[in-house]
Structure formats: structure tokens, C-alpha cells
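# A closer look at the structure
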Amino acid sequence: MAQTTNTNEILQFASFTSYVEPSFWHKLSQLKLDIDKLEEKVRLIWGKYSSYTSNTSLKPSVFVDYSAYNDQFEEGNLQLPIKGQLLNLNTLEDFKSCDKTKLLNDYGQTIWEHITSGKVFENPTLLVSFLLLTHADLKKYHFYYWFAFPAVKSVPTTYINKPQNISEVFSQRQLSLLEKAVQDVEDWNLYSAFLLDVDSENVCLRLLREIKTKLGHYVGFCDPSMSPEYPGWPLRNLLALLAYHFPELIGIEVNIICLRLSLSKGIRTANASVVLSVKLPPLTELSGSGEDTVKWIGWERNDRGNFGPRLADLASSMNPLKLVETSVDLNLKLMKWRLVPDLDLECLKQLRCLLLGAGTLGCSVARLLLAWGVGKITLVDNGRVSYSNPVRQSLFTYKDSLYKGKGSHKAKAAADALKLINPHINANGVNLSIPMPGHVIGELLQNGDENPQALEAQLGCYFCNDVTAPGDSQRDRTLDQKCTVTRPGVSGIASGLAVELMVATLQHPLGGKAPAIAEDERSPLGTVPHSIRGFLSQWQQISVTSHKFDRCIACSETVLKEFEVRNFEFLVDVFNTPNYLEDLTGLTALKQETNSDEVWELSDSDMSDKNEGI
């Protein structure tokens, strides 16, 4: 340790705070009505907690949602399982009058058996568990509940060295080695409590079960607390485990590392971790008549700071439509709370997106916009769903291709599908043909008054890297040239990158004027690349920055000025006249210059027949 304070101050622990998603109560209602009925039985459930956060103001939390009732724990990003028992009582009177102390002590014995038998050394997650006592009033959709997180009641633990940030104790090299060891962990269930050997050259992360042969320089645990002063609740039972199996250590200094992880540029860091040393306390409660005298604490305080139950009033949110809305919002809020505190969710909720095309990419992009909580999506397309579409275009089904023998209009079918996924989305489909350069159209009947805005950015647009203009994709083309022919996974990759890039750009302080990949001006979601190129055959992806092309058929000054002067007459020429844009911008001349440079002279003997006369 860096310094010795010998404070003998009592160590305090940051207790867990429960966080219950509405979907948990919705599932409990179903189980109560359809399965349990009037039976009051104990049900095994799952919770989850994490030592991984970027927000130091968050309390150490245990989350439960609809997945709590699964047979197996639903793995998440560095989320640790916490087993629990749910006891739902039929009446509010029983909920109030039941013996809470006896419930906690009885349940604590299960944890104590895991400690005394040594099972915890093989599975450290058994150190942490919870009890949930509930009463569900399904007429009013009122749910009374009280969590307990059992911990052995022992003699108060005292400091030898008060908590210090790991950077004050570990050298930069040691910290880097620790972070490398953390990156290599594949199963965090085995390392929710661990041993850590540290010297000037090496940092070795070891399994807790190896404590039987060597204590290790540090005993560590995944700490859900972000407090610089108070380690998390799991440390209580970890100290009890050491005191029981290694009584010779009682009263001796034990070095503790509270592992707290965060994300920096896509890499897990341990900079928020805390190191302390304590005097291992004795388990005085065991000195009486044996193991039956072990006492337990851990009932959660309510919102008023008192030991007592809480009430979840879900009369409005238990409506399935309301539940969908709150659940979608919660997904994004959890991401904000845990990963991106500066994320502006309201900006995304108010966003209105126009998708030109409801095909393979359009469907994939629309689904991802839903996941980001975008409030309004309009799709434009004049096509119908064909038999080949549903396997690649994720918003359509076989029934869409059968509609009236012609297939449903893609735009409307896609909008309807989005509403089936999330009934709260404002989605509309517009059956409209969008003229394209080189695709001949009839005479335009209406002219517009809009004038284009001058582009200020000097970065290239999508077409700046091309030396050709779009042409008629249907005339004189074989079947494979008329259809989108590419590997099926490409659309998912491309649409995912497109949506993430859009969101990152919107979250950037400069919005659409964000510089390309500027480390000093980042979006909360990271850098904002100018363009992304992928090579699926090589499993590679690169970010490219390119400047404006003065002969670009989309953003060059020539095109913008011509549109400003001639307006829709200009568009008619673009649609009806082949190579119009190439001729206008000088691409045709550029290609002719390139072709002429490739011509070489041939000898007379190469060009004439030997028997040819003069």
C-alpha cells in the first residue's frame, strides 16, 4: 500500500439499491393469474448487477426485469448474476405481519451453507443473493415489495488504510497489466471475487479457489459501488468467508481491491478502482451454540430512508401499449446511465426521418431507428413486395407478397410493420415514384419555387469518389443487373453503420458540421468519420476522408448553379438526357482524356495482312 494511516475507523459499505423494471411486474401478474393463482410459493428468480459504469453518481444497483423469471441467467455486458427468491403473499395483511427477521435469517442460511461448504470458492457469485417479498394487488395494479440483500452480521470492520484510488497505489505499468488481465477474462462469473498477485513486473489475476494454497497480495471483487469512500455490499460476505475458513487471519491486515471498470475509447479501464486494507473481523456470532446463531442483516431502505417496503403504482403503465413505451425508453435510459451519460435522448425522440426507398437497406435502417427511439419515420417507395423480397427485406412477410395477387405497396407495408413492432411509432408510407438521373420521365407538369442552399462543407459527398453518373438501371440490363446482388449480411452491416453514424453526428456539438475524425471534438458516442468503407471478403473496415471533387455530379458548383438558374427544367434534362450530368460537369471530357492517354501506336505489320497490296 502507498501509505499507512492506522485509523481504526469503522468501514462502511454502500448497500444495494433495487431497480425494478415495469416488465417484471407485468410478468408477475401473468404468473399470478395463470399459474400460481392462490398458491404462495417461493419462486427462484435472477437479478443482475455490474461493476461497469461511467457515471460515478449512480448507486450500486440490482436490476430485475422480465428476464428474472428465466431458467438461465440472461447474459449482458459485464453483468453479474445475483440469485434470488421471490415470495408473493396473497394479502396485504400477510405482507405487513410476516416475520421479516425470520425470513432473512432462514434465507441467509442458504448463503451460509455455500460459505461453510466451500462452494463459494468454485462459484463466487454465490456470495451475493437477494430475497424479494411482494404483494400484488391486481385490481389496482399496486405492487408492494421489499428487497433484502443478506449479509453476515459480524463485528464491525476497521480500516488499516482508508480507500485510495488505484492510481495512488499501483504504478502505471501495474495498472496497464491489470487492465490487460481484465480484457482477457472470458467468464466474469468465475471472477466476481478473485485474487490478485502484484509485483513490479507482473500482475496476475487468479481464481478465488486458489486461495486454499496461497492468499495472494490482494483479495478483490467486482464492486458495484462507485463511491470513493465506501466499497460495495458484496465485500461483507467476502470478509465473512475469509474469517470462517482462515481464522488465523483474524485481526491481521488484508489488502482489498474494489474492481470498478469503465469504458474509454472502446477499451475497459480500471481507473475508477479503489484499494484499501482492513483488519479482518472475527465472527463473534459463531461463539455461542454453533452455526444456528449466525445473524443476518440486509433489508433495503425505502425512498424515505427508512427500513420499510416500497409501492409500485402501475395502474397506467400496465396497459400493454404503455408498457411498450416505457420499456423502449428504459432501454435507452439504461444505456445513457451506464455507458453514455451525455447522450441526448430527447433529440432522438423528436427526430423525423425520411427514408427514400423501402427495400433491403430501407427496412434495416428503419428497424434500427426504432431501436434508437426515433419518433417519426416516413418511407417513400413506389414498388410492391415480390416473392424474393421478404428473406432480405426484414419488414416484409410472405403474406405481403400475396396481397391482391400483386404484392403490397412496400412503403405502406413497411410502415405498418413498424407499428406492429412498436405501436407508438409515428410511421407513414408514401407510394411515390422518385425520378432518377438517366431514367426517362414524361414532361413535368409543375415547377417548384425552392432554391438550393449553398454547401459550406469542403468534404466530399457520396458521389465525389465516382467518375460516372447514375444511369438507367432497367434498360438493356440482364436480370442480375436489375436486382441487388450482394451477400445478405452486407445490408445489415451497412445500415447499422449508417444509423450509428447519423446518431453520432446528431450528438456531436457541431451537428452536421462535425469535423471528420477529430479527436479533440468528439461526439459522446465517439469520433464521427467522414465515410466508411468495408471489405467483407477480407473482414476489414476503414474510415476514409475525401475532399470535394470539382466535377462531382451531385455537389459541384456547376451542378448547384445550374439547378439554381434553371430549376425544374434542369431536372427534366437530367432525367431524360443520357450522360447529361457527365457532360455538364466535365466528366465526359475527363474520361475522353483518360482514354486517349491509353491509346498506343501499332506497327504496319500489326495492322495489315501480309498479302495485302498497296
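Keep in mind that this is a model prediction, so the values were computed, not measured. (Residues numbered from 1 in each chain as written. Predicted model: local features only at pLDDT ≥ 70, side-chain atom pairs only at ≥ 80, totals over all residues. Heavy atoms only, no water.)

When you go through the chain residue by residue, the secondary structure sums to 18 helices and 21 strands. Evaluated residue by residue, the chain yields a buried proportion of 43% over its 614 residues. About 33400 Å² of surface is accessible on the chain, with carbon and sulfur atoms providing 52% of the total. (Helix = DSSP H or I, 4+ residues; strand = E, 2+ residues; numbered from the N terminus. Buried < 20%, exposed > 50% of the residue type's maximum accessible area, 1.4 Å probe, protein only. Areas by Shrake-Rupley, 256 points an atom, 1.4 Å probe, with all protein chains shown as cover.)

An order of 7-14-11-10-8-9 is seen for the six strands of this open sheet, with the pairing classed as mixed. One side of each edge strand has no neighbouring strand; the edge strands of this open sheet are strand 7 (158-165) and strand 9 (203-207). Direction aside, neighbouring strands of the sheet carry axes that sit 25 degrees apart on average. Direction of pairing for strand 11 (residues 253-259) relative to strand 14 (residues 274-279): antiparallel, over a ladder of six bridges. Bridge assignment links asparagine 255 to a residue of strand 14, and that residue is serine 277. Taken strand by strand, helix 5 (residues 172-183) contacts strand 8 (193-198), strand 9 and strand 11, and its axis lies near 35 degrees from that of strand 9. (Pairing = 2+ DSSP bridges. Axes fitted to C-alpha atoms, helices over the stretch in contact; angles between N-to-C directions. Contact = heavy atoms within 4.5 Å.)

Relative to strand 21 (residues 540-544), strand 20 (residues 531-535) runs antiparallel, the two sharing five bridges. Pairing of phenylalanine 535 across the sheet is with glutamine 540, part of strand 21. Where strand 20 hands over to strand 21, the hairpin turn is made up of four residues, of which tryptophan 539 adopts a positive phi near 55 degrees.

On to the packing of aromatic side chains, then. For the coordinates displayed, the defined rule picks out 18 aromatic pairs. The interplanar angle of 50 degrees and the centroid separation of 6.4 Å between the aromatic rings of phenylalanine 95 and tyrosine 144 together place this pair among those described as tilted. Here tyrosine 144 lies in strand 6 (residues 142-152) and phenylalanine 95 lies in helix 2 (residues 92-97), a separation of 49 residues in the sequence. Classification of phenylalanine 95 as buried rests on a relative accessible area of 3%. By relative accessible area, tyrosine 144 is classed as partly exposed at 21%. Relative to tryptophan 299, the ring of tryptophan 146 has its centre 4.8 Å away and its plane inclined at 45 degrees; by these criteria the two rings are tilted. Of the two residues, tryptophan 146 sits in strand 6 while tryptophan 299 sits in strand 15 (residues 296-299), which places them 153 residues apart along the sequence. Assessed through its relative accessible area of 10%, tryptophan 146 is described here as buried. Judged by relative accessible area, which is 12%, tryptophan 299 ranks as buried. (Phe/Tyr/Trp six-rings, centres within 6.5 Å; stacked < 30°, edge-to-face > 60°.)

So, on to the packing of helix 14 (residues 557-566) against helix 15 (residues 568-576). Two elements in contact, helix 14 and helix 15, have axes whose closest approach is 6 Å; the angle formed by their N-to-C orientations is 125 degrees. It follows that helix 14 is oblique to helix 15 by the angle criterion. Contacts between helix 14 and helix 15 involve Val559, Glu562, Phe563 and Arg566 on the former and, on the latter, Phe568, Glu569, Phe570, Leu571 and Asp573. The class makeup of the residues in the contact of helix 14 with helix 15 is five nonpolar, no polar and four charged. (Parallel < 35°, antiparallel > 145°, perpendicular 65-115°, else oblique. Nonpolar A, V, L, I, M, F, W, Y, C, P; charged D, E, K, R; others polar.)

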